[in-house]
Amino acid sequence: MTTQLGLPDDIQACLFDLDGVVTRTAVVHAAAWKATFDAFLRERDGADFRPFTDSDYDRYVDGRPRADGVRSFLASRGVELPEGTPDDPPDAGTVNGVGNRKNELLLEKIRTDGVEPYEGTLRYIDAVRAAGLATAIVSSSANTRDVLRSIDAERLFDVRIDGVVARERKLPGKPHPDTFLAAARDLGVQASRAAVFEDALAGMDAGRSGHFGYVVGVDRVGQTDALYAHGADRVVKDLAELGGHA
């Protein structure tokens, strides 16, 4: 292991998730999902509806592309909606309509409250780049570029694979490894020489099934055991624990 970065010596690239790893937006996403799903379920089931929970977020939504999250959670409640199209209005009774409703709420919360980075992560990425390793941001969010620009962090990544790129290339999202694999390919690095940094269980599954060289789980919400169970090689509460001084 390198003493500077806390990674195996043969790692050549680092692939970072956005929400919950680079930025403190995971909690904002969770709040937007809860508001969206609770309103949907209340309208469908009345006052006795069963609310969307933190456990639901972790199991069915966190780390997945927006439409996959809608589909996965509603299936857990025995609800099936027509797919619709990505351009559906937010009041449409479709998978894409519900997803777009959530995105409207998310953007409103970001505009109101702003975006805050994890400073330990930014320092670690600076150290990674100073050591000569390549970097990529890999997120299911279609708002990745705007979020990175808002914290002046777009410059920290050689490659961006986000919800926009995934749609263009028809890449399935996490827990499938395809977006991480695409990032490694774009960087010209084999998966076995790349490290994945994720806070979502779906991201852990992607790292494991993609046979990446090292998978770091970032535990922001007290799910260390689950992150290990889903494939993490190491779990930290902040990337500063790995070391690295740019």
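Refer to the structure printed above.
Residue indices follow the written sequence of each chain, beginning from 1 at its first position. Residues qualify for local features only when their pLDDT is at least 70, as the model is predicted, and side-chain atom pairs are given and counted only at 80 or more; totals for whole chains, interfaces and linings, by contrast, use all residues. Water and hydrogen atoms play no part in the side-chain values, which are based on all heavy atoms of the structure.

Draft legend 1. Broad picture of the overall build of the protein chain. Counting its secondary structure elements, the protein chain contains 10 helices and 6 strands. Radius of gyration: over C-alpha atoms. The globule rule applied is 2.2 Å multiplied by the number of residues raised to the 0.38 power. Relative to a compact globule of 246 residues, whose C-alpha radius of gyration would be 18 Å, the protein chain shows 18 Å and is just as compact. Structurally, the protein chain occupies a C-alpha span of about 55 × 35 × 30 Å along its principal axes. Classification of residues uses two cut-offs on accessible area relative to the type maximum, computed with a 1.4 Å probe and protein chains only: under 20% is buried, over 50% is exposed, and between them is partly exposed. When burial is assessed residue by residue, the protein chain has 54% of its 246 residues classed as buried. Neither His nor the chain termini are counted; the positive set is Lys and Arg, and the negative set is Asp and Glu. Lys charges are placed at NZ, Arg charges at CZ, Asp charges at CG and Glu charges at CD. Placing the 30 positive and 40 negative side-chain charges of the protein chain at their respective mean positions leaves the two points 1 Å apart. Strands are runs of DSSP state E lasting at least 2 residues, helices are runs of H or I lasting at least 4, and numbering of each runs from the N terminus.

Draft legend 2. Representation of the packing of helix α1 (residues 26–45) against helix α4 (residues 95–113) within the structure. The geometry of α1 relative to α4 is characterised by a closest axis approach of 9 Å and an angle of 135 degrees between their N-to-C directions. When the interaxial angle is binned, α1 and α4 end up oblique. Note on packing geometry: the crossing formed by α1 with α4 is right-handed. In this structure, α1 uses Val 28, His 29, Ala 31, Ala 32, Trp 33, Ala 35, Thr 36, Phe 37 and Phe 40 to contact α4, whose residues at the interface are Val 98, Arg 101, Lys 102, Leu 105, Leu 106 and Lys 109. Here the nonpolar group is Ala, Val, Leu, Ile, Met, Phe, Trp, Tyr, Cys and Pro; Asp, Glu, Lys and Arg are the charged ones; every other residue, Gly included, is treated as polar. Partitioned by chemical class, the residues of the contact of α1 with α4 number 10 nonpolar, 2 polar and 3 charged. Between the N-to-C directions of two axes lies an angle of 0 to 180 degrees, each axis being a line fitted to C-alpha atoms and, for a helix, fitted only over the stretch in contact. Our angle categories are set so that under 35 degrees counts as roughly parallel, over 145 as roughly antiparallel, 65 to 115 as roughly perpendicular, and the remainder as oblique. Should the near helix be turned counterclockwise from the far one by less than a right angle, the crossing is left-handed, whereas a clockwise turn marks it as right-handed. The criterion used for residue contact is that any of the two residues' heavy atoms lie within 4.5 Å.

Draft legend 3. Main features of the pattern of salt bridges. Definition used for salt bridges: Asp or Glu carboxyl oxygen within 4 Å of a side-chain nitrogen of Lys or Arg. Tallied over the entire structure, the rule returns 17 salt bridges. Lys 174 is the partner of Asp 17 in a salt bridge, and the nearest nitrogen-oxygen pair spans 3.1 Å. Of this pair, Asp 17 sits in the loop between β1 (13–16) and α1 while Lys 174 is found in the loop between α7 (163–169) and α8 (178–187), placing the two residues 157 residues apart along the sequence. In this structure, Asp 17 and Lys 174 share a single accessibility class: buried. Its salt-bridge partner being Asp 152, residue Arg 155 comes within 3.8 Å of it at the nearest N-O pair. Side by side, Arg 155 and Asp 152 carry an identical accessibility label, which is exposed.

Draft legend 4. Region of interest: the pairing of strand β5 (residues 214–218). For β5, the buried fraction is high: 5 of the 5 residues fall into the buried class. Residues Tyr 214, Val 216 and Val 218 of β5 are buried on one face, and the alternating residues Val 215 and Gly 217, pointing to the opposite face, are buried as well. Pairing analysis gives 4 bridges linking strand β4 (residues 194–198) to β5, with the strands arranged parallel. Note on β5: the bridge partner recorded for Phe 197 is Val 216. Between the parallel pair β5 and strand β6 (residues 234–236), the chain is carried across by helix α10 (residues 224–229), and the sense of this crossover is right-handed. Should DSSP find at least two bridges between two strands, the strands are taken to pair. By convention, a crossover is right-handed whenever its connection, traced from the first strand over the helix to the second and viewed with the strands pointing away, goes clockwise.

Draft legend 5. Broad picture of unusual backbone geometry. Cis rather than trans, the peptide bond between Lys 174 and Pro 175 has omega equal to 15 degrees. Phi at Asp 152 is positive, roughly 55 degrees, even though this residue is not glycine. If you trace the backbone, Asp 152 turns up in the loop between α6 (144–150) and β3 (159–161). Of note, His 211 is a non-glycine position whose phi angle comes to about 55 degrees, a positive value. With respect to the helices and strands, His 211 occurs in the loop between α9 (201–209) and β5.

Draft legend 6. Highlighting the pairing of β1. Side-chain alternation along β1 places Ala 13 and Leu 15 on one buried face and Cys 14 and Phe 16 on a second face that is also buried. As judged from the 4 bridges shared by β1 and strand β2 (residues 134–138), these two strands associate in the parallel manner. Bridging across to β2, Phe 16 finds its partner in Ile 137.

Draft legend 7. Representation of α1. Given a helix with a known number of residues, its expected span is that number minus one, times 1.5 Å. Here α1 spans 28 Å end to end across 20 residues, near enough to the 28 Å set by a 1.5 Å rise per residue. Here α1 has its buried residues at Ala 26, Val 28, His 29, Ala 30, Ala 32, Trp 33, Thr 36, Phe 37, Asp 38, Phe 40 and Leu 41. Residues of α1 that are buried sit in contact with α2 (54–61), α3 (66–76) and α4. Downstream of α1 by one or two residues, Gly 46 has phi in the positive range, about 85 degrees.

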